[in-house]
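# Geometric and topological summary
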Amino acid sequence: MISRWKQIWPPLVAVLLFLALWQVSVTWFHVEKWMLPAPSDIWREGIASASSLKGHTLATLRLTLIGFPLGVAVGIAAAVLLHIVPWSARALYPLLILSQNVPIIALGPLLVIWFGFGQLPKIILIMLVCFFPVAVAGLGGLAQTDRMMLQFMKMAGASRRQIFSKLELPHALPSLFSGIKISAAYAVTGAVVAELIGGNQGLGYYMQIQKSAFRTDRMFAAIILSVLLSLLLFAAVVLLEKWLVRWKPRRDAQ
């Protein structure tokens, strides 16, 4: 408990000091509220708009909880395919890299044209954001399997399926979860961007409306909620990793 508190209090103090400096600076220099609201203004507006923000937050959460697992599943499938079929890695890996060089903001409108204004283009956009880190991390983890154990299992007569399920996949789990955690950090952002491009609900749509009304305080409230959703999703992945990768040695607290 004490070691965990030692890890928590430095960033907590830094955030509190930042908020205090923000509050004092905005008040001292008389910054207009529409340009940069104080943290206290954002808090009050967040409470006042709680009912509206709740609906949009739930919409973004639902979209994220659909697109994120699908993106992770596609990433894992791609990593397994590229690992098991060597020629596919040479053929498809450059395309994976190319897919991440297309700006999301440019790809979004195309998805809307192709698939309409429903949920499907938004889900596809989140999947495109999430699958790449998982695929790359999973492929790297599968490629770094212990060679001595691999040779031992081959000499013992293990089948290709047994080698994959008993050695390669468990060995790759830490790397795979590193990619999943990166995807978890990007998933909510992908959902918000998808809602900005086309939608009638969600935090992205809410921010678009408030931008037109110059309600910076409401935009900040929506941004804070999207950050909290990202942190919660990241924490959920961390807990899942601790449950699945129990054999991984833990670092001693510094």
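Residues numbered from 1 in each chain as written. Predicted model: local features only at pLDDT ≥ 70, side-chain atom pairs only at ≥ 80, totals over all residues. Heavy atoms only, no water.

## Let's talk about the nonpolar core
The following threshold applies: Here, nonpolar core refers to any group of buried Ala, Val, Leu, Ile, Met, Phe, Trp, Tyr and Cys residues whose side-chain atoms link them within 4.5 Å. Buried, partly exposed and exposed residues are distinguished by accessible area as a fraction of the type maximum, computed with a 1.4 Å probe on protein chains only: under 20%, between the cut-offs, and over 50%, respectively. Secondary structure counts use DSSP, requiring at least four H or I residues in a row for a helix and at least two E residues in a row for a strand, with both numbered from the N terminus. Should any heavy atoms of two residues lie within 4.5 Å, those residues are considered in contact.
Judged by nonpolar contacts, the single largest core of 17 residues is most densely connected at Phe68, Phe177, Ile180 and Val237. Put simply, the parts of the chain that give this core at least two residues each are α3 (50-84), α6 (119-143), α8 (160-197) and α10 (216-244). For Val237, the residues in contact, after removing those within four places along its chain, are Phe68, Phe177, Ile180, Lys181 and Ala184. Judged by nonpolar contacts, the second largest core, of 13 residues, contains Val26, Ala38, Ile42 and Met207.

## Comments concerning helix α5 (residues 104-115)
Formally: Expected helix span is computed as 1.5 Å times (number of residues minus one). What the arc describes is the spread of directions from the helix axis to the C-beta atoms.
Relative to the 16 Å expected for 12 residues at 1.5 Å per residue, α5 spans 16 Å between its end C-alpha atoms, a close match to the ideal helical length. For α5, the full list of buried residues reads Leu107, Gly108, Leu111 and Val112. In an axial view of α5, the angular spread of the buried residues amounts to 145°, which keeps them on one side of the axis. Among the exposed residues of α5, those pointing more than 90 degrees away from its buried face are Ile113 and Trp114. Contacts made by the buried residues of α5 are with α6 and α8.

## Observations concerning a nonpolar patch on the surface
Going by this rule: Exposure above 30% relative accessible area and no salt bridge define the residues that can form patches, which grow by joining like charges within 9 Å and nonpolar side chains of Val, Leu, Ile, Met, Phe, Trp and Tyr within 5 Å. Note on areas: Shrake-Rupley with a 1.4 Å probe; residue coverage comes only from the protein chains shown. Salt bridges are defined as contacts in which a side-chain nitrogen from Lys or Arg sits within 4 Å of a carboxyl oxygen from Asp or Glu.
On the surface, a cluster of nonpolar side chains totalling about 530 Å² of accessible area is made up of Ile8, Leu12, Val15, Leu16, Phe18 and Leu19. Judged by relative accessible area, Phe18 falls into the exposed class, the value being 52%.

## Brief notes about the UniProt feature "domain: ABC transmembrane type-1" (unreviewed entry) in the protein
Just so we agree on the cut-off: UniProt positions are given in the numbering used here, feature names are shortened, and annotations may be inferred rather than shown by experiment.
As annotated in UniProt, the feature "domain: ABC transmembrane type-1" (unreviewed entry) corresponds to residues 57-240 in the numbering used here. With 88% helix and 0% strand, residues 57-240 has its two end C-alpha atoms placed 23 Å apart.

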